[in-house]
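Inside the fold
These are the residues of each chain, in order.
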Amino acid sequence: MKDFLKVSPLRILERSTHKELGKGNLGVLMARAGVGKTSCLINIAFDRLFREEKLVHISLKDTPEKVTSHYHVIFYYIGKVLDMENEYEVRALLDRNRIILAYLKESFDLNRLRKNLKNLVEEIDFIPYTLIVDGVDFPEAGRDMFEGFRGIAKEFDLEVWFSALSHRHITEVNERGIPFPCNNLDDLFSLIIQLDSTQSGVFLRLLKDHDSERIPDAMVRLDPNSFLAME
Amino acid sequence: MVDDIQYLRNIGISAHIDSGKTTLTERILYYTKRIFAVHEVKGKDGVGAKMDSMDLEKERGITISSAATYCEWKGHKINIIDTPGHVDFTIEVERSLKVLDGAILVLCAVGGVQSQSITVDRQMNRYKVPRVAFVNKCDRAGANPYRVLDQLRQRLNHNAILMQIPIGLEGSFSGVIDLVSMKAIYFEGAFGEEVKTGEIPSPLLHETVAKREEMLDAASMFSDELMQAILDDSVTEELIHKAVRKGTISRQITPVFIGSAYKNMGVQPVLDAVTHYLPSPAEVENSALDMDNGEKMVSLSSDPDDPLVALAFKLEVTKYGQLSYLRIYQGAIARGDNLVNTRDRKKIKVGRLLRMHADEMEDISRAGAGDIVALFGVNCFSGDTFTDGRLNYSMSSIFVPEPVISLSISPKDNRSDTNVAKALKRFIREDPTFQSRVDEESGQTIISGMGELHLEIYVERMKREFGAEVETGIPQVAYRETISQRTEFNYTHKKQTGGAGQYGRVAGFMEPSEEGVYEFINQVKGGVIPTEFIPTIDKGFRSCLKKGLVIGFPVLGMRITVNDGQHHVVDSSERAFFQAAVGAFKQAYLKAKPLILEPIMRVSVECPSEFQGSVMSSINQRRGLIMSSAEDGVFATVEAEVPLAEMFGYATTLRSLTQGKAEFTMEFSRYSKVPESLAEELKLRRRERS
């Protein structure tokens, strides 16, 4: 079996200063609608799971069944790319390290999340390394929510990856080159990655690398079906 | 016989336990004049609802076995199968879904889409059953049909469309507004039998217009004609019905109706919806397997003049003999006809042909394609296919889950001893998920089924219906064994004890099979084992699978390849090769690193959010794996996988943990390897027994 980390989209971080997001920090994956944000985010989740780290996937829009089926679809492609023989066992192993928390019909609030994470840690000894948060409406959420998430990241000693929807028609970019909807929030995020679909393929681009002034010229080309890095 | 199949509907009523489906059925029977008084499920009059014909059902207020009934509504003939809501009885739900063309999904306006609704919905998807939804109990405190609509969309992924909106809710629920006719509908008379229409109350006018627009938007996706009419402002009721019907039958729309069956409100419009939106048998594609043509899949026609194909989907043994419920897919059955059972090719003569009305019956002389009837005195099993002999078709078998739990029973006295045997014989015929066997070692009778409640009901039925009192043992998990590595065998069975000897050698290998089923591969070349002995070798290996050598439970997932052997012209026989296979199995099995497997259940717990932590902890303590938790308002649904062995008594634990505010369902998910410590314990128990 091939090594997942060789095809992980997070290879984008190979040239970054810390090589990873790191505990206590927030990271965001930005893309326009339909480019494959959720799939790419799930690959980021797989990057952590293949490192045998525990992960909580938080969905603000989809039911757990839907999220699980997203994971299954992506895993199917991973299985093919990695030439996995014991697919069933690997999946069972990864499933053990992932819990999905879904907040349907605007049930989400930070206190509720904090309580649920506390339950996971205290009641079942599930100590996550990463939170994957899908479905946050960035313009709607406001700065307070992300500051709250930063508090959670520090309190529970974990990293948090978000997905953010960008729009073709909103071209606002701040002085550091960060586009909408992260242009007013970039100080809260340690890593900002953009997923772009062009005629020549699907690419990941690093827009912010922790406190580094100079962004490494890193770009990774992804397979448009599996969203895995092309070697 | 139904004159025109277009006016026939075969529907089921399925839902979570206590959503009020039996009450809804009771009202339907009342409005269609099949009964002349209304009795509640747990009514004070002690009569019980019509569809709950078993004493036990009346007592517990839950429906245990499906009862079929027939009624007529506005020129349509409707066969209704009432189905159980508890997950332990899902074989009943599965069986009825197989023969149904459509269903009413009953949801509680307070509880919403609960775990069992999700299970039932999954089953309906498996059988491609179009449905209409009925949001019941809108008169209850906390009723919110809009929340249920959202849940239908979010949790069940339905394109759910409101066809009505409520006039008031909870205590002030007084009727509905029909978004098709744009009229208010009220239900008057002692039991809501008088349907009165009126103008839309002005405070609701704005909301009605908005909701109608939403409905039209969704419906117009299925009809260009309707889309054009919307643009021309010339929408008719007929155009809407046609479009919604198309969307519903293709399962791309779920029309949603609201009411309160208990308060006699909203039932008649649901009956109208059944006739308007659910398909007739002619609009449903059914297929069978042609047994004379390598089990090739063939389409059935729903033409009463074609050769007969019918499926026995439910059996009941009454005091007058066996009653077999049949769905006729093609052709017709008349009293006096000869039918052929595809399974054993035996002929039977149709004596009494009946249309069922819960536990009452009506004699009829003929029934045609699409209809559901019952035959008296026909000796068959559930799932058997009947033809008129011109075809040798079998309906694809109904999915039957493996039993996961067993219980030893011992009769309390001699009288009970005889009656237990009779009862078991009957139950096995009625229910393929119920099994019984005699344990060779202990001599005890072991019954197996789908859950504690499932077996409990049968034990109770033995007592009530057969006068057989039994003592029960502790519920036992249905463990399985499998192997984990390829191992070769080469075994010679040789016996010379005077007279003809026995000689047979088989060689090959056993290996794990990913599909989880037993496979036998013959790779013998050059006639070293004569062809006529190969099936016997297969049979020999099969006989060993019934009882693994580690803890004596059945063996799953093994592929046997025989590639060499030897025979003797005089001493080789079927018996010798059978024994050689048994010897080969014993030789290789323990070297193939056998594992013990246990059933893992998919458990879903619904609880108020504040109990999420304790629920997770209780699952964790039971070797459970938490998969997810979904928060929806003030409720949380925790999904987990838990070994069945750890689930005994969970209902009591959960009740005390959550002050009785949580409930759970579980269904079989898969088999998984038991932890080493438990494997050792099971082996020790086995050694102590023998």
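On a predicted model such as this, the values are computed, not experimentally measured, just so you know.

**With respect to the overall build of chain A**
- Secondary structure assignment for chain A yields 5 helices and 8 strands.
- Mapped from its N terminus to its C terminus, chain A presents α and β elements in the order β-α-β-α-α-β-α-β-α-β-β-β-β.
- Looking at chain A residue by residue over its 231 residues, the buried ones come to 42%.
- A sequence separation of at least 24 residues applies to 72% of the contacts in chain A between residues at least 6 apart.

**Regarding the overall build of chain B**
- Broken down by element type, chain B carries 16 helices and 38 strands.
- In chain B, which comprises 690 residues, the proportion classed as buried is 51%.
- Residue pairs in contact within chain B that sit at least 24 positions apart in sequence constitute 72% of those at least 6 positions apart.

**Let's talk about the interface of chain B and chain A**
- Taken together, the contacts link 18 residues of chain B with 16 residues of chain A.
- Of all the secondary structure elements, the ones that give two or more residues to the side of chain B that touches chain A are helix 5 (145-154), helix 14 (612-621) and strand 36 (625-632) of chain B.
- Broken down by element, the residue count for the side of chain B that touches chain A peaks at 8 residues, all from strand 36 of chain B.
- Residues belonging to the side of chain B that touches chain A are distributed by class as follows: 5 nonpolar, 8 polar and 5 charged.
- Examined bridge by bridge, strand 3 (residues 98-104) of chain A and strand 36 of chain B share 5 bridges and lie parallel to one another. Bridge assignment links Leu104 of chain A to a residue of strand 36 of chain B, and that residue is Asp632 of chain B.

**Observations regarding the nonpolar core**
- Ranked by internal contacts, the top residues of the largest apolar core, which has 148 residues, are Val28, Leu29, Ile132, Val160 and Trp161 of chain A together with Val506 and Ala581 of chain B.
- Grouped together as the second largest cluster of nonpolar side chains are 110 residues, Phe173, Val180, Met215 and Leu391 of chain B included.

**Quick word on the confidence of the model for chain B**
All names here are of chain B.
- Per-residue pLDDT for chain B has a mean of 86; in total, 90% of the residues score no lower than 70.
- For chain B, per-element mean pLDDT is lowest for helix 2 (residues 55-60), which scores 52, and highest for strand 11 (residues 254-258), which scores 97.
- Here residues 61-66 scores under 50 on pLDDT; set against residues more than four positions off or in separate chains, the count is 28 contacts.
- Listed scores for the predicted complex are pTM 0.67 and ipTM 0.91.

**Remarks on the sheet that holds strand 34 (residues 558-566) of chain B**
Residue and element names in this part refer to chain B.
- With respect to topology, 4 strands assemble into an open sheet ordered 31-32-34-33, the strand pairing being mixed. Edge positions in the open sheet fall to strand 31 (487-495) and strand 33 (519-522), since each of these has one partner strand only. Strand after strand, the sheet turns through a mean of 25 degrees between neighbouring axes, direction not considered.
- In the sheet, strand 31 pairs with strand 32 (residues 502-512) via 9 bridges, with the strands oriented antiparallel. Counted as the bridge partner of Lys494 is Tyr503 from strand 32.

**Observations regarding the sheet that holds strand 24 (residues 393-395) of chain B**
Residues and elements named next belong to chain B.
- The 3 strands are arranged 13-12-24 in an open sheet whose pairing can be described as antiparallel. Each edge of the sheet is formed by a strand with only one pairing partner; in this case those strands are strand 13 (296-299) and strand 24. Strand-to-strand, the axes of this sheet are offset by a mean angle of 45 degrees, without reference to chain direction.

**Section: the packing of helix 12 (residues 534-545) of chain B against helix 13 (residues 574-589) of chain B**
All names here are of chain B.
- For the pair helix 12 and helix 13, the least separation of the axes is 8 Å and the interaxial angle reads 45 degrees. Between helix 12 and helix 13, the crossing angle belongs to the class labelled oblique. Relative to helix 13, helix 12 is oriented so that their crossing is right-handed. Contacts from Thr536, Ile537, Lys539, Gly540, Phe541, Ser543 and Cys544 in helix 12 reach Glu574, Phe577, Phe578, Ala580, Ala581, Val582 and Phe585 in helix 13.
- Looking at the contact of helix 12 with helix 13, its residues break down into 9 nonpolar, 3 polar and 2 charged.

**Looking at the pairing of strand 6 (residues 191-198) of chain A**
Residues and elements named next belong to chain A.
- As paired elements, strand 1 (residues 26-32) and strand 6 share 4 bridges and run parallel to each other. Paired with Leu29 across the strands is Ile193, a residue of strand 6.
- As paired elements, strand 6 and strand 7 (residues 201-209) share 8 bridges and run antiparallel to each other. Within strand 7, the residue paired with Ser197 across the bridge is Val202.
- What sits between strand 6 and strand 7 in their antiparallel hairpin is a turn of 2 residues.

**Side note on unusual backbone geometry**
- With an omega dihedral of 5 degrees, the bond running from Phe180 of chain A to Pro181 of chain A counts as a cis peptide bond.
- Turning to its location among the elements, Pro181 of chain A is positioned in the loop between strand 5 (159-166) and strand 6.
- Its identity is not glycine, yet Ser302 of chain B carries a phi of approximately 65 degrees, on the positive side.
- On the secondary structure map, Ser302 of chain B appears in the loop between strand 13 and strand 14 (309-318).

**Overview of helix 5 of chain B**
- Those residues of helix 5 of chain B not exposed but buried are Pro145, Val148, Leu149, Gln151, Leu152 and Gln154 of chain B.
- Buried residues along helix 5 of chain B sit in contact with strand 3 of chain A together with strand 4 (102-108), strand 5 (131-136), strand 6 (160-162), strand 7 (164-167) and strand 11 of chain B.

**So, the environment of Ile100 of chain A**
- Here Ile100 of chain A shows up in strand 3.
- Given 24 C-beta atoms within a 10 Å radius, Ile100 of chain A is considered buried.
- Once the C-alpha coordinates of Ile100 of chain A and Ile132 of chain A are considered, the two residues, 32 residues apart in sequence, prove to be 9.4 Å apart.
- Contact partners of Ile100 of chain A, with chain neighbours within four places excluded, come to His57, Ser59, Pro64, Val67 and Thr68 of chain A together with Met627 and Ser628 of chain B.

**Description of the environment of Ser117 of chain B**
Residue and element names in this part refer to chain B.
- Mapped onto the elements of the fold, Ser117 is located in helix 4 (residues 115-126).
- Since 28 C-beta atoms lie within 10 Å of it, Ser117 is described here as buried.
- A C-alpha to C-alpha distance of 5.0 Å links Ser117 and His16, two positions 101 residues apart in sequence.
- Other than its neighbours up to four places away in sequence, Ser117 contacts Ala15, His16 and Leu107.

**Considerations on the environment of Met182 of chain B**
- Its place among the elements puts Met182 of chain B in the loop between strand 8 (175-178) and strand 9 (183-188).
- Taking C-alpha positions, Met182 of chain B is 9.4 Å from Gly198 of chain B, a pair spaced 16 residues apart along the chain.

**Focus: the confidence of the model for chain A**
- Averaged over every residue, the pLDDT of chain A is 89; the share at 70 or more is 99%.
- Strand 2 (residues 55-59) of chain A holds the highest mean pLDDT among the elements of chain A, 97, whereas helix 3 (residues 87-96) of chain A holds the lowest, 84.

What counts and what doesn't
- Residues numbered from 1 in each chain as written.
- Chains lettered and ligands numbered in written order.
- Predicted model: local features only at pLDDT ≥ 70, side-chain atom pairs only at ≥ 80, totals over all residues.
- Helix = DSSP H or I, 4+ residues; strand = E, 2+ residues; numbered from the N terminus.
- Buried ≥ 20, exposed ≤ 12 C-beta atoms within 10 Å, placed from the backbone.
- Contact = placed C-beta atoms within 7 Å.
- Nonpolar A, V, L, I, M, F, W, Y, C, P; charged D, E, K, R; others polar.
- Pairing = 2+ DSSP bridges.
- Core = buried A, V, L, I, M, F, W, Y, C linked by C-beta atoms within 7 Å.
- pLDDT = per-residue confidence, 0-100.
- Axes fitted to C-alpha atoms, helices over the stretch in contact; angles between N-to-C directions.
- Parallel < 35°, antiparallel > 145°, perpendicular 65-115°, else oblique.
- Left-handed = near helix turned anticlockwise from the far one by under 90°.

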